[in-house]
Amino acid sequence: MVPLEQLHLSHVLQAVSALESIVLRSFGPEGGQVLFTRDTGQVMVSRSGKRILTALHLDHPLARMVVRCVWKHSTITGDGSKTFVLLLASLLRIIHATATKDPHMFQPHNSTEASEAATARHLADRLLEFALTELDKLIVLNVLPHGFRVSLENFTAKTQHDLSCQTLLVSFFRTRLGYAYCDFFRNLFCELLSHWKVKDDRPSFSMQFLNNSFLALHTQVSGVPVNCSRLIEGQVIHRDFATPCPQVRKQPLKAVVFNGYLQPKLLTTGDVLELRCGDKVTEDRGIVHFSSWTEKSVESIIATLQSFGVSVLLCALKQSSAVLAAATQAGMCLVECVSEEEISLFTQLSGVTPISDCRRIHPEHIATLTFCKPLLLGAHRYVHLDFHDCEERLKVKPCSLVICAPSEGQADQHACAFQDAFRMLLTALEPVRKTQTALEETIPSKKCTSLHADNISNGTACRVHLHQKCVTETGCVISAGGTFEFLLHHALHQYGHSCSVSVNTSAVVPVSQLLEKALLSVPRQIYSHNLKHFLQAQTRVVALIPKQPHALSANFIHTEGPLGDGKLSLCSCENGNMSLKLLDLGLESVSCKYQLVLAVLQCLTNLLRINMVLRTHAVLHTESHDSLNAHSESSEGEDED
């Protein structure tokens, strides 16, 4: 009989709390590195939440489900994996306490445990519904006025406005790599983006290209100090020459890309070899004759390439010894087993198409290179090449990133942080809702979302100060150190108070109060080393909030240089000077924070909908499951001393 396991609300809380206890060791500015040891004696040191969680060998299916949700969110936004687990655990504790206190809040059940589970599911559903309908408006009115919009047009500028973007990067690298190298990698990141910035195009286009091509654009070198990381011109192919590399020539080189084999194979997958004897064997079907024909075919291909002046061959597959011998004799250098990502990057930068049929080679298949030479990085030798007219044709200066570190694990950790920085900036550039129409005096909103929703009549509506219509805005950031959580906590408190006053009953508690309490768990952990600092930070942030009900929204609309014109400066808000003081804590993206809250609530809803575990012996393969396993297996190969 298939074993079944009944899940209770306490089981879900225990699984998430166990993950929380692990990530808390590296959470916040005072967090340290987490060291993992394996049976083989290898160790892995990291403070990346995604890497820490995916390195765990988890038996409980709920824990694996949470890690998968964290992995999906962090893969998209590049940040927030530890805050994800922390906020999820806090919400589960609050919901567990609420459901335990009043298990028959919505509908009575036969057992107390069933009632608690049903109440928890209902609260989670109402929380998600509230976040999808009201949370963006609260952020617009109560969070965005205290932030500003970063400019990504010029990363190398030294003006105060452009330094805000660099501050955002420093804050990100500080949480991922520590204080030692955050400035160094910030400068290297800005230098890389300035090289790849396409003239007269959006910065997001360059960042999306770098994020998609990052695997082919960077090279990890171990056994070298971190400050040796640098940019080098052109592209690095992570393979060595299979034939002797050509001598240095003054004139440009010609190169082609092959997707298949240059020499026809005798047998391929699915072919059937027929063996005959006696007179039935014909000369044209002999294996020896076929091999001779294939060698002549290779010579014909090499001759055709020589007629075009080609001297560099890049091949996706491993070629035969006959091909290598023919290329060597013709003075051509051949690189085999080039990865798909590197071939894709090469074709995009050179503007050529790979050759699929060796019998049909045309000028559009031939790329022009400035040079092609071996490059020694650490203990490995690679192929280094550059393109002849790429800067004039594509309006960029192609370069590759070399990331150095004393060990392989550290180099991989730095590379992951670099790519996550692209994802974080791309998320920061995604739209955040922004006001379009003027503020209404008092408009009826949708029915207030509360714990006792049935006690509110259909004709009752809360009167809150919201805008009728919202449009999108990008690049909004705010001071780090819990500023977002403090401001949103205050906004949710005011929202819940408005709902309670409108329904005029003390028995009804707004469901927004659950999220309001959970948000403070994040700054509490940031300042866990000193409670006094937590209270001081909360007091400073609350001091930014105007006392008048309409002052905050009116300031957001009528301030000189609003978000709508895309030029909101550090001092555009009413309390801009206080914002400048809070910049010492760094910056973080409002869009990333908003998506984080939504992702946590969606994960919470999915977790509480599970009430039974069916254990099977077969492995269920899904796309996300396979991707997560592949990432975990790659992290297991890291070795740090």
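Rules behind the numbers
- Within each chain, residues carry numbers counting from 1 in the order of the written sequence.
- Totals for whole chains, interfaces and linings use all residues, but because this is a predicted model, local features are given only for residues with pLDDT of at least 70 and pairs of side-chain atoms are given and counted only at 80 or more.
- Hydrogens and water are ignored here; the side-chain numbers use all heavy atoms of the structure.
- UniProt positions are given in the numbering used here, feature names are shortened, and annotations may be inferred rather than shown by experiment.
- Put simply, a salt bridge is a Lys or Arg side-chain nitrogen that is within 4 Å of an Asp or Glu carboxyl oxygen.
- Each residue gets one of three labels from its accessible area relative to the maximum for its type: buried under 20%, exposed over 50%, partly exposed in between, using a 1.4 Å probe on protein chains only.
- Here a helix means four or more residues in a row that DSSP labels H or I, a strand means two or more in a row labelled E, and each is numbered from the N terminus.
- Throughout this description, a polar contact denotes any pair of N or O atoms lying within 3.5 Å of each other; where both atoms belong to protein, one of them has to be capable of donating a hydrogen while the other can accept it, and for residues adjacent in sequence the pair is counted only when both atoms sit in side chains.
- The contact criterion used throughout is that any non-hydrogen atoms of two residues lie within 4.5 Å.
- A pair of strands counts as paired when DSSP detects no fewer than two bridges linking them.
- Simply put, an axis is a line fit to the C-alpha atoms, just over the touching stretch for a helix, and the angle between two N-to-C directions goes from 0 to 180 degrees.

Taking an unreviewed UniProt entry as the reference, the chain is identified by name as Bardet-Biedl syndrome 10 belonging to Poecilia latipinna. Turning to the chain, the UniProt record has this under Sequence similarities (unreviewed entry): "Belongs to the TCP-1 chaperonin family."

(A) Structural detail: the pattern of salt bridges. Taken as a whole, this structure holds 13 salt bridges when the rule is applied. Two residues, Asp357 and Arg360, come together in a salt bridge whose shortest N-O distance is 3.8 Å. Using a relative accessible area of 58% as the deciding quantity, one classes Arg360 as exposed.

(B) Representation of the side chain of Ser589 in the model. Looking at the secondary structure, you find Ser589 in strand β19 (residues 587–589). Using a relative accessible area of 3% as the deciding quantity, one classes Ser589 as buried. Of note is the side chain of Ser589, whose polar atom sits 3.2 Å from the backbone nitrogen of Ser591. Engagement of the side chain of Ser589 in a polar contact is seen with the backbone nitrogen of Cys592, the distance being 3.2 Å. Filtering out sequence-adjacent residues up to four positions away, Ser589 remains in contact with Leu168, Ala428, Cys476 and Val477.

(C) Structural detail: the sheet that holds strand β18 (residues 476–479). Pairing within the open sheet is antiparallel, and its three strands lie in the order β4-β18-β19. Looking at the sheet topology across the chains shown, the edges are occupied by β4 (148–149) and β19. Direction of pairing for β18 relative to β19: antiparallel, over a ladder of three bridges. By the bridge assignment for β19, Ile478 is matched with Glu588. This element, helix α21 (residues 590–608), spans β18 and β19 of the sheet and lies at about 55° to β19.

(D) Quick look at the sheet that holds strand β13 (residues 399–405). Overall, mixed pairing links the three strands, which are arranged β5-β13-β6 in an open sheet. The sheet terminates laterally at β5 (218–222) and β6 (230–233), the two strands that pair on one side only. Averaged over all pairs of adjacent strands, the angle between their axes in this sheet comes to 30°, without regard to strand direction. Bridging between β5 and β13 involves five bridges; their strand directions are parallel. Bridge pairing in β13 places Thr219 opposite Val402. The strands touched by helix α14 (residues 408–428) are β5 and β13; relative to β13, the strand with the most contacts, the crossing angle is about 135°.

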